[in-house]
Amino acid sequence: QVHLVESGGGLVQAGDSLTLSCTASGGTFSSYGMGWFRQPPGKEREFVAAINWSGGTTAYADSVKGRFAISKDNAKNTGSLQMNSLKPEDTALYYCALGAFGRSSTNFGAWGQGTQVTVSS
């Protein structure tokens, strides 16, 4: 089955940029859409961004639109989430997932272990 590993998280200050990576193995990466979700401390998991299998269609949560950019490199079996102008409210455990393109977690069947992003004021 598909195995996903996120990386690139860390501790940054407000206004900084950070890029998260998602590496896939054990499946056909190019056949799947990819989504990014996050879970802030004490809150429910929420949608961040998604991209379809070919990389031609994207969707973003209103809270990150204009600041984050999702991309997918099928040749390298990797995806990324570029995060700019980070805010303290972006602090969360970030997950990547593979599945059908959409904004709901139910559209995705394979999930990574998560990578922590902490943004200080």
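Residues numbered from 1 in each chain as written. Predicted model: local features only at pLDDT ≥ 70, side-chain atom pairs only at ≥ 80, totals over all residues. Heavy atoms only, no water.

Asks: Please set out the overall build of the chain residue by residue, giving values where relevant.
Replies: The helix and strand tally for the chain stands at zero helices and eleven strands. Its helices and strands in sequence order give the chain the pattern β-β-β-β-β-β-β-β-β-β-β, from N to C terminus. Relative to the 2.2 N^0.38 estimate, which gives 14 Å for 121 residues, the radius of gyration of the chain is 13 Å and therefore close to what a compact globule would have. Its C-alpha atoms put the chain at 40 × 25 × 25 Å along the principal axes. The long-range fraction of contacts in the chain, counting pairs at least 24 apart against all pairs at least 6 apart in sequence, stands at 56%. (Helix = DSSP H or I, 4+ residues; strand = E, 2+ residues; numbered from the N terminus. Rg over C-alpha atoms; globule rule 2.2 N^0.38 Å. Contact = heavy atoms within 4.5 Å.)

Asks: Please set out the side chain of S80 residue by residue, giving values where relevant.
Replies: Along the chain, S80 turns up in strand 8 (residues 78–83). A distance of 2.6 Å separates a polar atom in the side chain of S80 from a polar atom in the side chain of S71. Not counting chain neighbours up to four residues away, the residues in contact with S80 comprise T19, L20, S21, M34, W36, A69, I70 and S71. (Polar contact = N/O pair within 3.5 Å; in protein donor to acceptor, adjacent residues only side chain to side chain.)

Asks: Kindly report on the environment of T57, identifying the contributing residues and their values.
Replies: With respect to the secondary-structure elements, T57 resides in the loop between strand 5 (46–51) and strand 6 (58–60). We classify T57 as partly exposed; its relative accessible area is 38%. Along the backbone, T57 and G33 are 24 residues apart, and their C-alpha atoms lie at a distance of 9.6 Å. (Buried < 20%, exposed > 50% of the residue type's maximum accessible area, 1.4 Å probe, protein only.)

Asks: Account for the sheet that holds strand 1 (residues 3–7), with residues named and values stated.
Replies: Here we have four strands laid out as an open sheet, ordered 1-3-8-7, and antiparallel in their pairing. Either end of the sheet is taken by a strand with one partner, and the two such strands are strand 1 and strand 7 (68–73). The mean inter-strand angle of the sheet, taken between neighbouring strand axes irrespective of direction, is 15°. Judged from the six bridges that link them, strand 3 (residues 18–25) and strand 8 form a sheet pairing that is antiparallel. In the strand pairing of strand 8, L18 is matched with M83. (Pairing = 2+ DSSP bridges. Axes fitted to C-alpha atoms, helices over the stretch in contact; angles between N-to-C directions.)

Asks: For empty space enclosed by the protein, give the residues involved together with the corresponding values.
Replies: Taken as a whole, this structure holds one cavity of 30 Å³ or more when the rule is applied. In this structure, the largest cavity spans a volume of roughly 30 Å³. Looking at the largest cavity, the residues that line it are V2, A24, S25, G26, G27, T28, F29, N77 and L98. Of the residues contributing to the lining of the largest cavity, the split by class is four nonpolar, five polar and no charged. (1 Å grid on protein atoms, 1.4 Å probe; cavity = no way out; pocket = protein on both sides within 12 Å on 5 of 7 lines; lining within 4 Å. Points joined across faces, edges and corners; volume = space filled by probe spheres on them. Nonpolar A, V, L, I, M, F, W, Y, C, P; charged D, E, K, R; others polar.)

Asks: Explain the packing of aromatic side chains to me, and be specific about the residues and the numbers.
Replies: Going through the model one piece at a time under the given rule, you end up with four aromatic pairs. Ring geometry for F37 and F47: centres 5.8 Å apart, planes at 75°, overall edge-to-face. Pair noted here: F37 is in strand 4 (residues 33–39) and F47 is in strand 5, with a separation of ten residues, a long-range link. For F37, a relative accessible area of 3% gives the class buried. Taking relative accessible area as the criterion, F47 reaches 12% and is therefore assigned buried. Relative to W111, the ring of F37 has its centre 5.1 Å away and its plane inclined at 50°; by these criteria the two rings are tilted. Of this pair, F37 sits in strand 4 while W111 sits in strand 10 (residues 108–111), placing them 74 residues apart in sequence. Residue class for W111 comes out partly exposed when judged on its relative accessible area of 26%. Members of the aromatic cluster, connected to one another through ring pairs, are F37, F47, Y95, F108 and W111. For R45, the ring lying beneath its charged end belongs to W111, and the centroid distance is 4.3 Å. A cation over a ring is seen here: K72 above F29, with NZ or CZ 4.3 Å from the ring centre. (Phe/Tyr/Trp six-rings, centres within 6.5 Å; stacked < 30°, edge-to-face > 60°. Lys NZ or Arg CZ within 6 Å of the ring centre and 35° of its normal.)

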